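Take a look at the letters that make up each chain.
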Amino acid sequence: MSVAVVILNWNGKAFLEQFLPLVVTHTGSDAEIYVADNASTDDSIKFLKEKFPAVHLVQNPLNGGFAVGYNMSLTQIKADYYVLLNSDVEVTPNWVRAPVEMLERNKDVMAVQPKIKSYFDSKSFEYAGAAGGFLDVYGYPFCRGRIFDTIEKDEGQYNQASEIFWASGACLFIRSSVFHEMGGFDEDLFSHQEEIDLCWRMKLKGYKIMYCPNSEVLHYGGGSLPKSNPFKTYLNFRNNLIIICKNHPTRALKQIVFQRLTLDGLAAVRFLFKGDFGDFWAIARAHGHFYRTFRKTWKKRQAVQASVTNPEVSTIYRRSIVRKYFMEGKKLFSQLDSKDFY
C-alpha cells in the first residue's frame, strides 16, 4: 500500500512557504509528498529545491489549470492512493491515516473526503467541501455544513462517517486505479467543479464516495481565485451546465437544462440589480460558451452514458435547493427532509 500526496502549484510560493512545512511534519512516513508545478514564473521551483529537497517535484510544461495539471502529473506518479491537496490547505496530525484506512477496509469505496474547515475560523466549516458534497435535481452543488452562503459551525453534527455524492478537490483521497480508469479530470473544465464531474462519473459506475470525519484539514480558500471574482463565476456557471449535460441520465434532461438556464438567468438579474456587472456578464458568457460547445459536450455525454451501470444516482437530492434556500428559508442541511435524498 503506497500513498502519494500531490500538491498542484502555480505561482504559489507564498502558500508553499506557509503550508508545506506542516504537510511534511504531519504526513511523516504515511505518504510520499509531491509538488506538481504548472510552469510557475515565481520562485516556487527554487524555493522547493532549496528548502524541501526531499519533496518530489513534477514540472509540467504549461499551466493548464487544475484539470490538466493533475492529469499530466499523475501519469508520472505511481501509488495505490492519490491525495490531491490544494496548496492553501493546513493539515493536522495523522490527517492521512483515517481516510486511507477507510479505503483499505472498504473495497467498494473509491474516494474519501476529510472534514474541511475554515483556516480563518477553525470552528466553522469551509465553503469548498465542508462535510461532503451533494447535488440537487438541477445540478446545484451544496454541502453538509454549507448551503450557498450559509456556513455552519462545527458542533459535532457531522461526526459520523457517511456516503456523499461528491468529494472536494481541496483534499481528495482517491484510488489511483479508479482515477485513471475514469480518464482523470475533464480538461475542458480547466478549473472549478472538475471534481464534481469526476465523482458523478464514478457514481454512475456504481462506485461509493465517503466522508471521513476522523481526518480534518483547514482550507484558506481562494488560493487561485478569490471567492468574489467574475472569472470564478464564469467557470462555475459554465462548468456546471457542462457536467449536467454530460452526466444526467434522466429522460427529462431537456426540461432540467431549460429550467437550469432559467434559474441562471434569474441569478444574473439578481447580480445586475446588486450592481455586480462583472458577475452578470460572467453568466452571460458562460451560457454563450455552453451553446457554442454544445455539440462537443453532447459527444462526451454519449461516451459517459454508454458506460453507465448505476443510473439511479443521477441526482442525490430530488428537490430544488434554490427553492428550499431562498423561498422556504431552509438554510441548514439538517432542515432538508432526509426522504428527499436517494
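Whatever comes next refers back to the structure up there.
Residues numbered from 1 in each chain as written. Predicted model: local features only at pLDDT ≥ 70, side-chain atom pairs only at ≥ 80, totals over all residues. Heavy atoms only, no water.

**Student:** Sorry, what's going on with the pairing of strand β4 (residues 81–86) here?
**Tutor:** Along any regular strand, the residues point their side chains to alternate faces of the sheet. Counting buried residues in β4 gives five out of six residues, a clear majority hidden from the surface. Pairing analysis gives six bridges linking strand β1 (residues 3–9) to β4, with the strands arranged parallel. Its bridge partner being in β4, V5 is matched across the sheet by V83. As judged from the five bridges shared by β4 and strand β12 (residues 171–175), these two strands associate in the antiparallel manner. Looking at the pairing, V83 lines up with F173 of β12. (Buried < 20%, exposed > 50% of the residue type's maximum accessible area, 1.4 Å probe, protein only. Helix = DSSP H or I, 4+ residues; strand = E, 2+ residues; numbered from the N terminus. Pairing = 2+ DSSP bridges.)

**Student:** I tried to follow the nonpolar core on my own but got confused; where do I start?
**Tutor:** Membership of the largest hydrophobic core comes to 69 residues, with the highest contact counts inside it found for V6, Y82, F142, M202 and I321. For this core, the leading source of residues is helix α6 (residues 194–204), giving six residues. Once residues lying within four places of it in the same chain are set aside, the contact partners of Y82 are A4, L74, I77, L172, F173, I174, S176, F179 and H180. Formed by 33 residues, the second largest nonpolar core is a distinct cluster that contains V5, F52, V89 and V112. (Core = buried A, V, L, I, M, F, W, Y, C linked by side-chain atoms within 4.5 Å. Contact = heavy atoms within 4.5 Å.)

**Student:** I keep staring at helix α1 (residues 13–27) and nothing clicks. Help me out?
**Tutor:** Each α-helix turn comprises 3.6 residues. Residues three or four places apart therefore point the same way. Between the first and last C-alpha of α1 there are 20 Å, a value that for 15 residues agrees with the 21 Å anticipated at 1.5 Å per step. At F19, α1 shows its maximal bend, which comes to roughly 40°, and the proline P21 appears one to four places after that position. Those residues of α1 lying buried are F15, L16, F19, L20, V23, H26 and T27. Residues of α1 that are buried make contact with β1, β2 (32–38), α2 (44–51), β4 and β5 (89–91). (Expected span 1.5 Å × (residues − 1). Bend = angle between axes of the 7 residues up to and from the residue.)

In short, geometric facts, not functional conclusions.
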